[in-house]
Amino acid sequence: MNDLEMPLVSIITPSFNQAAFIEETIESVRMQDYPYIEHIVVDGGSTDGTQEILKKYSDLGDRFRYVSEPDRGQSDAINKGLKMAKGEIIGWLNSDDPYLPRAVSKAVNALKEHPEWAMVYGNAYQIDKNSKIMNPYPVQPFDRKALFQFCIICQPAAFVRKNIFETIGGVDETLDFCMDYDLWMRISKKYSIGYIPDYLANSRVHPDCKSVVHIVDKGFPEIIKSSIKHYGTVANDWLCHYLEHHSKIGVFWYLNLFKKYEILGSSPEVSDMNRYLDLWVPPNFRISIQSGLQNPPAILLIKGRNHILDNMSATVSVNNDSLQNYTIPKREFDIEIPLHSNVPNTVVEIVSNKHVVPSELGINSDTRSLSFIIEQVIPLSAEEYKFYKEFQKGPLYASAWLQKNRNPIPPAL
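Residues numbered from 1 in each chain as written. Predicted model: local features only at pLDDT ≥ 70, side-chain atom pairs only at ≥ 80, totals over all residues. Heavy atoms only, no water.

Draft legend 1. Just the packing of helix α9 (residues 215-231) against helix α11 (residues 251-260), in detail. Taken N-terminus to C-terminus, the directions of α9 and α11 make an angle of 30°; their axes are 11 Å apart at the nearest point. Viewed along their axes, α9 and α11 adopt a mutual orientation that is roughly parallel. Considering only the axes of α9 and α11, their crossing is right-handed. Residues V216, D217, F220, P221 and I224 of α9 pack against W253, Y254, L257 and F258 of α11. (Axes fitted to C-alpha atoms, helices over the stretch in contact; angles between N-to-C directions. Helix = DSSP H or I, 4+ residues; strand = E, 2+ residues; numbered from the N terminus. Parallel < 35°, antiparallel > 145°, perpendicular 65-115°, else oblique. Left-handed = near helix turned anticlockwise from the far one by under 90°. Contact = heavy atoms within 4.5 Å.)

Draft legend 2. Quick peek at the side chain of D76. Counting through the fold element by element, D76 comes out in helix α3 (residues 74-84). Looking at D76, the relative accessible area reads 8%, which means it is buried. Once residues lying within four places of it in the same chain are set aside, the contact partners of D76 are D71 and E173. (Buried < 20%, exposed > 50% of the residue type's maximum accessible area, 1.4 Å probe, protein only.)

Draft legend 3. Quick peek at the environment of D128. With respect to the helices, strands and loops of the structure, D128 is situated in the loop between β5 (117-127) and β6 (133-136). Along the chain, D128 and K86 lie 42 residues apart, while their C-alpha atoms are 33 Å from each other. Looking at D128, its side chain comes within polar contact range of the main-chain nitrogen of K132, at 2.9 Å. (Polar contact = N/O pair within 3.5 Å; in protein donor to acceptor, adjacent residues only side chain to side chain.)

Draft legend 4. Representation of helix α7 (residues 179-190) in the model. Given a rise of 1.5 Å per residue, 12 residues ought to cover 16 Å, and the 18 Å separating the end C-alpha atoms of α7 matches this to within 8%. Burial within α7 is extensive, with 10 of its 12 residues counted as buried. Along α7, the residues classified as buried are M179, D180, Y181, D182, L183, W184, M185, R186, I187 and S188. (Expected span 1.5 Å × (residues − 1).)

Draft legend 5. Seen up close, the state of the cysteines. Under the criterion given, the structure shown has zero disulfides. Looking at the unpaired C154, the closest cysteine sulfur is the one in C151, lying at 8.2 Å. Accessibility expressed as a relative area gives 1% for C154, which makes it buried. C151 provides the cysteine sulfur closest to C240, a residue in no disulfide bond, and the two sulfurs are 18 Å apart. (Disulfide = S-S within 2.5 Å.)

Draft legend 6. Representation of the packing of α9 against helix α10 (residues 236-245) in the model. Running from amino to carboxyl end, α9 crosses α10 at an angle of 170°, the nearest separation of the two axes being 11 Å. By the angle class used here, α9 and α10 are roughly antiparallel. Contacts between α9 and α10 involve I215, V216, G219, F220, I223, I224 and S227 from the former and W238, L239 and Y242 from the latter. Of the residues belonging to the contact of α9 with α10, the class tally is eight nonpolar, two polar and no charged. (Nonpolar A, V, L, I, M, F, W, Y, C, P; charged D, E, K, R; others polar.)

Draft legend 7. Representation of the sheet that holds strand β11 (residues 284-290) in the model. Pairing is antiparallel across the open sheet formed by five strands, whose spatial order is β9-β11-β16-β13-β14. Of all strands in the sheet, those with a lone pairing partner are β9 (269-273) and β14 (321-328), marking the two edges. Across the sheet, the axes of successive neighbouring strands diverge by a mean angle of 25°, strand direction being ignored. Where β11 and strand β16 (residues 345-352) come together, seven bridges link them in antiparallel fashion. Counted as the bridge partner of I287 is V348 from β16. (Pairing = 2+ DSSP bridges.)

Draft legend 8. Examining unusual backbone geometry more closely. Even without a glycine there, the phi angle at S131 is positive, about 70°. Mapped onto the fold, S131 is located in the loop between β5 and β6. Even without being a glycine, L279 presents a positive backbone phi close to 80°. Tracing the backbone shows L279 in the loop between β9 and β10 (280-281). Overall, L279 belongs to the partly exposed group, its relative accessible area being 27%.

Here's what the structure looks like:
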């Protein structure tokens, strides 16, 4: 490839308080054998010494530029860098990830040889905070079905043609965790993606990185949201991966998430209840449940706390039909109330035999009549209840049940 055929490559590095790693990142770009590179660092106003490190490279001229100012997060920083970029090819290298030698030249050569590819990616290693290799990243040759099932592309080992990046609208700034996975899905809808079996980058895993700190609370919901947006559903592989590796967050968290995205079909919902904002309930606790006739509510799960009253019980009725009495222990408790309702609106009443008025006990000035605290009120369809019971046996049981009973077929494939 002669000089006239060598396109400029813009490496965009979003940065915020990564002084411990950013110099290694910058040096990994500087040491590339490809001569036509501009490195753009978009810093969010770091206060940990990052800016001092960036200033050290200011004398590199067009090869290195940076801005440091408040932004709206990583996705905003990437899009800001994209607008600043002059190159034909974009590399996205986070401030704690380094390139391996010859990464850029290998990517450029692949894109030159395959003009039909909108982007190319290679293999990568996962490294620790000391840059020690932990294991290979689970990269696979590109296939849209494989991408649906899992993220088979390692972001620092990917290079995208700038015109493609711009055409699809850059990175989705509503996402804070899986914006790279979302990007690959959007590109793959309209364009070809290429793979080369060379190791191009290292992806760093350390205690403070986003992929560790927020892998469950932000990562999993965003993965589900993005998968449904682009494929119409989410793969069992994603669900089982999280269940098997992140079960400590608890079954109620998974139930609420699955209900929100209707992972197990349409789901009954609480339409109204008289629980107070501080989660206390009155002696006559009333819950209204709305559902479709195709997936009626089977069970109502109640998770609560009673730390005040002894010898407490409650009588439950469903649509004015009395069911049974439940003992309310003086501790945390779970109650499973069978519903088996075949009407779109189900009303559950839980009447306690005891209550307390805090002001009468001199606890505070609260004059409400209170029975206990209710933390979770979750109506479940029959399928959701089966999942709940399997999870109680263990996450592997829940995972196996999903694989056997849920068959997502993406209409987009």
